[in-house]
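Fold and contact review
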Amino acid sequence: MATSTKNRDALESGKRRKAAMVDPKLDKNIQGQLGTLLQRMYSDLLHEPVPDRFTQILKGFRPTEPEDRS
Amino acid sequence: VSADAEIRQSMFKVVPHLRAFAISLTGNVDRADDLVQETLVRALSNVEKFQPGTSLQAWTFTILRNLFHTEHRKRRREVEDPEGLLAGRLASLPEQGARLDFDDLRIALTKLPYQQREALLLVGAEGLSYEEAAQVCGTHLGTIKSRVNRARTRLAEILGLDANDDFGPDRYVRAIMQDMA
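Calculation criteria
- Residues numbered from 1 in each chain as written.
- Chains lettered and ligands numbered in written order.
- Predicted model: local features only at pLDDT ≥ 70, side-chain atom pairs only at ≥ 80, totals over all residues.
- Heavy atoms only, no water.
- Helix = DSSP H or I, 4+ residues; strand = E, 2+ residues; numbered from the N terminus.
- Expected span 1.5 Å × (residues − 1).
- Buried < 20%, exposed > 50% of the residue type's maximum accessible area, 1.4 Å probe, protein only.
- Polar contact = N/O pair within 3.5 Å; in protein donor to acceptor, adjacent residues only side chain to side chain.
- Phe/Tyr/Trp six-rings, centres within 6.5 Å; stacked < 30°, edge-to-face > 60°.
- pLDDT = per-residue confidence, 0-100.
- Contact = heavy atoms within 4.5 Å.
- Core = buried A, V, L, I, M, F, W, Y, C linked by side-chain atoms within 4.5 Å.
- Arc of directions from axis to C-beta.
- Buried area = accessible area lost by both parts, 1.4 Å probe.
- Salt bridge = Lys/Arg side-chain N within 4 Å of Asp/Glu carboxyl O.
- Axes fitted to C-alpha atoms, helices over the stretch in contact; angles between N-to-C directions.
- Parallel < 35°, antiparallel > 145°, perpendicular 65-115°, else oblique.
- Nonpolar A, V, L, I, M, F, W, Y, C, P; charged D, E, K, R; others polar.

1. Brief notes about helix 2 (residues 28–46) of chain A
All names here are of chain A. A rise of 1.5 Å per residue sets the reference length of helix 2, with its 19 residues, at 27 Å; its end C-alpha atoms lie 26 Å apart and thus fit the reference within 8%. All of the buried residues along helix 2 are I30, Q33, L34, G35, L37, L38, M41, Y42 and L45. At the N-terminal boundary of helix 2, the capping side chain belongs to D27, with an oxygen 2.7 Å from the backbone nitrogen of N29.

What follows is the structure, encoded as structure tokens:
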């Protein structure tokens, strides 16, 4: 009986561990901090000047890359 | 104004987003710019496939993401080393105190499996909905949610963030705020 309970507890514990591995829950405070970090980094990148070659492509000039066979 | 000209005009607004996504995804500005260039060329040469009324951003992000995956498969072996070397710098970060800058975050991102990385960037940085991110990645909603969740957890581990540490998360934000001042 005791063994059976022990086995069941071990099984439940294993299931909980597996569930945590599949869908780990992150502390809300850390989630907020990560969100702030990511958005600030991304905002920084969004304000980088756009290289001229992209402007040229969008204006209809073809890039001079080797793969351009035209 | 022709539809083609309109789309080109709209693409000017999308380019900074494509570039931010590509840099965050690859951790390498040169690779990112090559990806963006190829994305623009592909998009313009397939412009008739774009469905008016749908999101141009989602369409171009899908092209870029697919190009990245193709390239990643080709370069997997050579990509692993530089990423490993860069990420190695992070090992001593928590002991160095408040010195997390955006480069460190970008390096930490390269440590994530790329499918988790793209999901987190699309949702957590670019601000796409889970549905839009699932569409861009060609997968299911539940898969995207799971990838974002795992990415956040892994990133917190890499960066050494700890909710119980009074000097944990806040110090990074303070460092960034000081940097921005």
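2. A closer look at the packing of aromatic side chains
All names here are of chain B. Overall, the coordinates contain three aromatic pairs over all chains when judged by the stated rule. For the ring pair F50 and W59, a centre distance of 5.3 Å and an interplane angle of 50° mean the geometry is tilted. You can call W59 buried: its relative accessible area is 18%. Ring geometry for F68 versus Y114: centroids 6.2 Å apart, planes at 75°, classification edge-to-face. A residue pair is termed long-range when its members are at least 10 positions apart, and F68 in helix 3 (residues 56–88) and Y114 in helix 5 (residues 114–125) qualify at 46 residues. We classify F68 as buried; its relative accessible area is 1%.

3. Details of the confidence of the model for chain A
Residues and elements named next belong to chain A. Residues with a pLDDT of 70 or more make up 51% of chain A, whose mean pLDDT is 73. Confidence scores differ between elements of chain A, with helix 1 (residues 2–22) showing the lowest mean pLDDT of 59 and helix 3 (residues 52–58) the highest of 92. Low pLDDT, under 50, characterises residues 66–70; the predicted model gives this stretch four contacts beyond four residues in sequence or across chains.

4. Here we look at the nonpolar core
It is characteristic of soluble globular proteins that their nonpolar side chains tend to be buried jointly. One finds M11, L40 and L155 of chain B to be the most contacted residues of the largest nonpolar core, which totals 62 residues. In terms of residues, this core owes the most to one element, helix 1 (residues 3–26) of chain B, which gives ten residues. Non-local contacts of L155 of chain B, meaning those with residues more than four positions away in its chain, are made with L34 of chain A together with L105, A108, L109, L112 and L120 of chain B.

5. Quick word on the side chain of E118 of chain B
All names here are of chain B. Mapping E118 onto the fold places it in helix 5. Residue class for E118 comes out buried when judged on its relative accessible area of 0%. Residues within four places of E118 in sequence aside, it is in contact with F21, L25, R65, H69, C137 and R147.

6. Notes on helix 6 (residues 130–137) of chain B
Residue and element names in this part refer to chain B. Every buried residue of helix 6 is accounted for by A133, A134, V136 and C137. One side of helix 6 carries all its buried residues, which in axial view fall inside an arc of 160°. Among the exposed residues of helix 6, those oriented more than 90 degrees off its buried face are E131 and Q135. At the C-terminal side of helix 6, G138 shows a positive phi close to 65°.

7. Some thoughts on the interface of chain B and chain A
Taken residue by residue, the interface counts 47 residues in chain B and 34 residues in chain A. Summing both partners gives a buried area of about 3700 Å² for chain B against chain A, and 69% of it is carried by carbon and sulfur. Between R53 of chain A and D34 of chain B there is a salt bridge whose closest N-O contact spans 3.6 Å. Applying the counting rule to chain B against chain A returns eight residue pairs in polar contact (both at pLDDT 80 or more).

8. Structural notes on the packing of helix 2 of chain A against helix 7 (residues 141–159) of chain B
Helix 7 of chain B packs onto helix 2 of chain A with a crossing angle of 85° between their chain directions and a minimal axis gap of 10 Å. With respect to each other, helix 2 of chain A and helix 7 of chain B are oriented roughly perpendicular. Mapping the contact onto sequence places I30, Q31, L34 and L37 of chain A in helix 2 of chain A and R152, L155, A156 and L159 of chain B in helix 7 of chain B. Of the residues contributing to the contact of helix 2 of chain A with helix 7 of chain B, the split by class is six nonpolar, one polar and one charged.

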